[in-house]
Each structure stands twice: as structure tokens, then as C-alpha cells.
Amino acid sequence: SHVDAAAASVKEWEASSPSNRVLALVNNAGKATPGIVDLCPLSEFEMDISVNYLGVVRTTKAFLDLLKRSGCHAGTVPRILNIASMSGLVALPGASAYAASKHAVVGFSKSIRVELAYSSVSVSAICPTFHRTPLLTGLQSKIDRIWELAGADKRAEYGEEAHAELKKGALDLYTGC
């Protein structure tokens, strides 16, 4: 995997000099699936969980030994910074897949903070609000794609008004940033 290749490369760098130490790991993955849970295919939930949560777990596991070996040195504490989202604390309607994955990042961060208390590794979850990033770009077209995938019966059940409200909410998020 890309994560294993990156970890192997960093391990080589670390071994090349006694002064080379890994002092920080920043996990900042983001993929957002918009839409109501009833309309979203399970595959979309699986992808959000895979990228947003399991990506954090994979990377943390790959680099944790390097961080622990670095230890405290001259007042420098090795750190894991997991970038979650405000959606990891407060869920927004129409973003259940994304919110679930970011809640998982926050919970994981809290758990490993306690698990690693014996070590010199500090763990933090950062939960920024929404900003104009590629994550929000094209959100309305993503909503349209999920709407079409839902099928005619589900679209009829929710109605075009629900579709329009989801798109308006996405636009409000983007323009409010």
C-alpha cells in the first residue's frame, strides 16, 4: 500500500542518521458523501469510512513505532494530529456517512490518547469547521449523483423538494465559508 511504502521510506531516512527522528504524524484525509442515509448506497458509506477513518488507523499503525522511538527530546514531544471535522462532534443532516466517519476519528483519537499515555506520544483530534476546500467543491453534483443512484421509488418517496433542500444546504455550506 501507499502507506506502507511511505513508512518504509521514512524508516530508511530515520536509520540514515542518529539525529533523524519522526516528531509528528498528521492524518488529514477527507472524502464526503452527501445525502440522506436512506438514499445513499452502502458502498458510499464504506468509502467514507475507508478513507476518513480507516486511513487514519492505517497511517497511525504504520508510523506509531517511529513516533514512540523518537521519545521526548529537548522538550519536543512526538505527536499524532488527527484532522477530523466539526462533523465529528455535531452531525449535520444530509451528511450521515461523512459524520459517522469523522465521529470515528474523534473516538479513535480519544481512545489512543489513553492507550498511549504510557509512552511519550501525544494525540490530538482537530475539528475544524467548513472551509472552501476541494471537499466542498462539486457538492451539489455529488448530491445529484446520489439522488440518481437512489432509484425512482426512493426519489418519489422523498420528492424533489428534499433533493432541492439538500442542494441548497450544500450551497449554503460552501458560500458561508
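Residues numbered from 1 in each chain as written. Predicted model: local features only at pLDDT ≥ 70, side-chain atom pairs only at ≥ 80, totals over all residues. Heavy atoms only, no water.

> How should I be thinking about the overall build of the protein chain in this particular structure?
A tally of helices and strands in the protein chain yields five helices and three strands. Mapped in sequence order, the helices and strands of the protein chain form the string α-β-α-β-α-β-α-α. Each of the 177 residues in the protein chain was classed as buried or not, and the buried ones make up 37%. At a minimum sequence separation of 6, the contacts of the protein chain that also span at least 24 residues come to 70%. Accessible surface, the protein chain as shown: approximately 9,600 Å² in total, 60% of it carbon and sulfur. (Helix = DSSP H or I, 4+ residues; strand = E, 2+ residues; numbered from the N terminus. Buried < 20%, exposed > 50% of the residue type's maximum accessible area, 1.4 Å probe, protein only. Contact = heavy atoms within 4.5 Å. Areas by Shrake-Rupley, 256 points an atom, 1.4 Å probe, with all protein chains shown as cover.)

> Looking at this structure, how should I read empty space enclosed by the protein?
One way to see where empty space is left: roll a probe the size of a water molecule over the atoms. Across all of its chains, the model carries one cavity of 30 Å³ or more by this definition. Taken as a whole, the largest cavity encloses approximately 30 Å³ of empty space. What lines the largest cavity is Pro34, Gly35, Leu39, Ile143, Ile146, Trp147, His163 and Leu166. Of all the secondary-structure elements, those providing two or more residues to the lining of the largest cavity are helix 4 (139–149) and helix 5 (152–175). At three residues, helix 4 tops the list of elements feeding residues into the lining of the largest cavity. By residue class, the composition of the lining of the largest cavity is six nonpolar, two polar and no charged. (1 Å grid on protein atoms, 1.4 Å probe; cavity = no way out; pocket = protein on both sides within 12 Å on 5 of 7 lines; lining within 4 Å. Points joined across faces, edges and corners; volume = space filled by probe spheres on them. Nonpolar A, V, L, I, M, F, W, Y, C, P; charged D, E, K, R; others polar.)

> Please clarify how the packing of helix 1 (residues 2–15) against helix 2 (residues 42–70) should be interpreted in this entry.
A pair of packed helices can be characterised by two numbers: the angle between their axes and the separation between those axes. Where helix 1 meets helix 2, the closest approach of the two axes is 9 Å, and the angle between their N-to-C directions is 10 degrees. Comparing the axis directions of helix 1 and helix 2 gives the class roughly parallel. By crossing handedness, the relation of helix 1 to helix 2 is classed as right-handed. On helix 2, the residues that touch Val3, Ala6, Ala7, Val10, Lys11 and Glu14 of helix 1 are Arg58, Thr59, Ala62, Phe63, Leu66 and Arg69. When grouped by side-chain class, the residues that make up the contact of helix 1 with helix 2 number seven nonpolar, one polar and four charged. (Axes fitted to C-alpha atoms, helices over the stretch in contact; angles between N-to-C directions. Parallel < 35°, antiparallel > 145°, perpendicular 65-115°, else oblique. Left-handed = near helix turned anticlockwise from the far one by under 90°.)

> Looking at this structure, I do not really get the pairing of strand 1 (residues 24–27). What am I missing?
Side-chain positions along a regular strand alternate between the two faces of the sheet. Residues of strand 1 alternate between two faces, with Leu25 and Asn27 buried on one and Ala24 and Val26 left unburied on the opposite face. Summarising the sheet, strand 1 and strand 2 (residues 79–83) pair through four bridges and their orientation is parallel. Bridging across to strand 2, Ala24 finds its partner in Arg79. (Pairing = 2+ DSSP bridges.)

> Help me understand helix 3 (residues 96–115), please; the structure alone is not making it clear to me.
Note that an α-helix has 3.6 residues per turn; residues three or four places apart therefore point the same way. Taking 1.5 Å as the rise per residue, helix 3 with 20 residues should run 28 Å; its terminal C-alpha atoms sit 28 Å apart, in good agreement. The set of residues buried in helix 3 consists of Ala97, Tyr98, Ala99, Ser101, Lys102, Val105, Val106, Phe108, Ser109 and Ile112. Contacts from the buried residues of helix 3 go to helix 2, strand 2 and strand 3 (122–126). (Expected span 1.5 Å × (residues − 1).)

> Sorry if this is basic, but what is going on with the packing of helix 2 against helix 3 here?
Put simply, helix 2 and helix 3 touch, their axes get as near as 8 Å, and they point 20 degrees apart. It follows from the interaxial angle that helix 2 and helix 3 lie roughly parallel. The handedness of the crossing between helix 2 and helix 3 comes out as right-handed. Contact residues: helix 2 offers Phe45, Asp48, Ile49, Asn52, Tyr53, Val56, Val57 and Thr60, while helix 3 offers Ser96, Ala97, Tyr98, Ala100, Ser101, Lys102, Ala104, Val105, Phe108 and Ile112.

> Is there a simple way to explain the environment of Ile112 in this structure?
Its location among the elements puts Ile112 in helix 3. Assessed through its relative accessible area of 6%, Ile112 is described here as buried. Separated by twelve residues in the primary sequence, Ile112 and Ser124 place their C-alpha atoms 9.5 Å from one another.

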